[in-house]
Amino acid sequence: MLNLLARTTFLGGVIVLAAYHNANFKSTNSARQECVLYRDVQNLTLIGTRFRSDLESTCVCRCELIKIGLWTDALGHLEIPTMQFYNGDPNNLTFLENVRECVSEIPPNLDLCYRAFKYYKCYVSYFGDVNLDLPRFVPSTDLQQQQTVVDCARILQISHQDLRSIAATPLLESTQSKCLLRCFLIRQGFFSDEAGPNRTRLFAQFATVNDERSFRYSFGKCYQRLQDESWDRCSFAARIVTDCLSYTSVALEQISAAIGAVAHGGGC
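### What about the pattern of salt bridges?
Step number 1: Taken as a whole, this structure holds 13 salt bridges when the rule is applied.
Step number 2: Across the pair Asp193 and Arg233 runs a salt bridge whose closest N-O atoms are separated by 3.1 Å. A residue pair is termed long-range when its members are at least 10 positions apart, and Asp193 in the loop between β7 (191-192) and β8 (196-197) and Arg233 in helix α11 (residues 233-244) qualify at 40 residues.
Step number 3: Between Glu212 and Arg216 there is a salt bridge, with the nearest N and O atoms lying 3.1 Å from each other. Linking Glu212 with Arg216, this pair stays in helix α10 (residues 212-228), spanning 4 residues, or about one helical turn.
Step number 4: Look at Glu212 and you get partly exposed, because its relative accessible area is 25%.
Step number 5: Here the salt bridges share partners, and the residues they tie into one network are Arg225, Glu229, Arg239 and Asp243.

Structure, rendered in structure tokens:
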């Protein structure tokens, strides 16, 4: 797993990466190698090749999709973050329509491994070849977001009692809560003061409608408005969440849920 935006130093000829945030990046091949290891798979030819329909292959396929954030057993295949792993044109609606039709025909009562494999086949058949070796952004899970809240509370020295107060009030209510939001965006790799927001990652993590062009357009207009206004750093970052990610994403809901889980003892 890669943590980007890292500082590289050399200690005795060894490269050491000091990660500045918790954003995760993984290629499909690296995920597959891990899954072959985890599952103690004997057939090493699975690495770097297309999957077959035998049980061993389909279960490695399911594991791989989980590792790169494209599958959960509860929700099935996650369409929006999937597109960055394929070579097809994400703006070609014909591809998407064919994939969705293919997915809709998968029987819901299949074995989980085989169902994940069928989803994989739909994308490979209609959307294009998989980028096997290129690391892509992996959307964070609920637990990973909760860990980021824990990290930020420690960095900002927010007490557990103050965290409970933040969770119980609107997130623009206090300076502490706005700085917590800013820290969350930075630690998750969604924003930096120097580079601004990373729209690709924000779309993959939070978008609810699979239309990246519209997402970028509406987000860009909102972000430009914030830049033209006068905000301190914490308020500016917090407004990105409350203003620019409020209509076609679940950013505020996910972040609020992570804060609430940690504040009330259910987090990391």
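Next, the rest of the story.
### Observations regarding the side chain of Ser177
Step number 1: Looking at the secondary structure, you find Ser177 in helix α8 (residues 175-187).
Step number 2: Overall, the relative accessible area of 1% leaves Ser177 in the buried class.
Step number 3: A distance of 2.8 Å separates the side chain of Ser177 from the backbone oxygen of Leu171, its partner in a polar contact.
Step number 4: A distance of 2.8 Å separates a polar atom in the side chain of Ser177 from the backbone oxygen of Ser174.
Step number 5: Leave out the neighbours within four places in its chain, and Ser177 touches Ile166, Pro170, Leu171 and Leu172.

### A closer look at α11
Step number 1: Compared with the 16 Å implied by 1.5 Å per residue over 12 residues, the 16 Å span of α11 between its first and last C-alpha is a close match.
Step number 2: Every buried residue belonging to α11 is among Cys234, Ser235, Phe236, Ala237, Ala238, Ile240, Val241, Thr242, Asp243 and Cys244, and all of these are buried.
Step number 3: On its buried side, α11 packs onto α8, β7, α10 and α12 (251-263).

### Considering the packing of aromatic side chains
Step number 1: Using the criterion set out here, one finds 10 aromatic pairs in the structure.
Step number 2: Counting every residue linked through ring pairs, the aromatic cluster contains Phe191, Phe203, Phe215, Phe219, Tyr223 and Phe236.

### A closer look at the confidence of the model for the chain
Step number 1: Predicted confidence across the chain gives a mean pLDDT of 84, with 85% of residues reaching 70 or more.
Step number 2: Below pLDDT 50 for its whole length, residues 1-19 participates in 31 contacts with residues either more than four positions away or in separate chains.

### Points about the state of the cysteines
Step number 1: On inspection of all chains with the given rule, the structure shows 6 disulfides.
Step number 2: In this model, Cys152 is linked to Cys183 through a disulfide, with the two sulfur atoms separated by 2.2 Å. In this structure the cystine formed by Cys152 and Cys183 twists about its S-S bond by roughly -90°; its chirality is therefore left-handed. A residue pair is termed long-range when its members are at least 10 positions apart, and Cys152 in helix α6 (residues 142-156) and Cys183 in helix α8 qualify at 31 residues. For the pair Cys152 and Cys183, a shared accessibility class is recorded, and that class is buried.
Step number 3: Numbered by order of appearance in the sequence, the disulfide-linked cysteines of the chain pair as 1-3, 2-5, 4-6, 7-9, 8-11, 10-12.
Step number 4: The structure places no disulfide on Cys61, whose sulfur is separated from the nearest cysteine sulfur, that of Cys113, by 8.8 Å.

### Side note on the packing of helix α7 (residues 160-168) against α8
Step number 1: Interaxial distance between α7 and α8 falls to 10 Å at its minimum, and their mutual angle equals 90°. Between α7 and α8, the crossing angle belongs to the class labelled roughly perpendicular. Each of Asp162, Leu163 and Ile166 in α7 lies in contact with α8, whose residues at this interface are Gln176, Ser177 and Leu180.
Step number 2: Taken together, the residues of the contact of α7 with α8 break down into 3 nonpolar, 2 polar and 1 charged.

### Overview of the nonpolar core
Step number 1: Core analysis: the largest hydrophobic core is formed by 41 residues, its most contacted members being Leu163, Ile240 and Ile259.
Step number 2: Sorting the residues of this core by element identifies α6, α7, α8, α9 (199-206), α10, α11 and α12 as the ones contributing at least two each.
Step number 3: Apart from the residues lying within four places of it in its own chain, the contact partners of Ile240 are Phe191, Phe219, Tyr223, Leu226 and Leu245.

### Looking at unusual backbone geometry
Step number 1: Of note in the backbone geometry, Gln157 takes a positive phi value of approximately 55° without being a glycine.
Step number 2: Relative to the helices and strands, Gln157 is located in the loop between α6 and α7.

### Observations concerning helix α2 (residues 55-67)
Step number 1: Along its 13 residues, α2 runs 18 Å from first to last C-alpha, staying within 8% of the 18 Å computed at 1.5 Å per residue.
Step number 2: Buried residues of α2: Ser57, Thr58, Cys59, Val60, Cys61, Arg62, Cys63, Glu64 and Leu65, and no others.
Step number 3: The inward-facing, buried residues of α2 contact α1 (28-38), β4 (71-72), β5 (76-77) and α5 (112-126).
Step number 4: Among the residues trailing α2, Gly69 stands out with phi positive, at a value near 80°.

Each value, and the rule that gives it
Residues numbered from 1 in each chain as written. Predicted model: local features only at pLDDT ≥ 70, side-chain atom pairs only at ≥ 80, totals over all residues. Heavy atoms only, no water. Salt bridge = Lys/Arg side-chain N within 4 Å of Asp/Glu carboxyl O. Helix = DSSP H or I, 4+ residues; strand = E, 2+ residues; numbered from the N terminus. Buried < 20%, exposed > 50% of the residue type's maximum accessible area, 1.4 Å probe, protein only. Polar contact = N/O pair within 3.5 Å; in protein donor to acceptor, adjacent residues only side chain to side chain. Contact = heavy atoms within 4.5 Å. Expected span 1.5 Å × (residues − 1). Phe/Tyr/Trp six-rings, centres within 6.5 Å; stacked < 30°, edge-to-face > 60°. pLDDT = per-residue confidence, 0-100. Disulfide = S-S within 2.5 Å. Axes fitted to C-alpha atoms, helices over the stretch in contact; angles between N-to-C directions. Parallel < 35°, antiparallel > 145°, perpendicular 65-115°, else oblique. Nonpolar A, V, L, I, M, F, W, Y, C, P; charged D, E, K, R; others polar. Core = buried A, V, L, I, M, F, W, Y, C linked by side-chain atoms within 4.5 Å.

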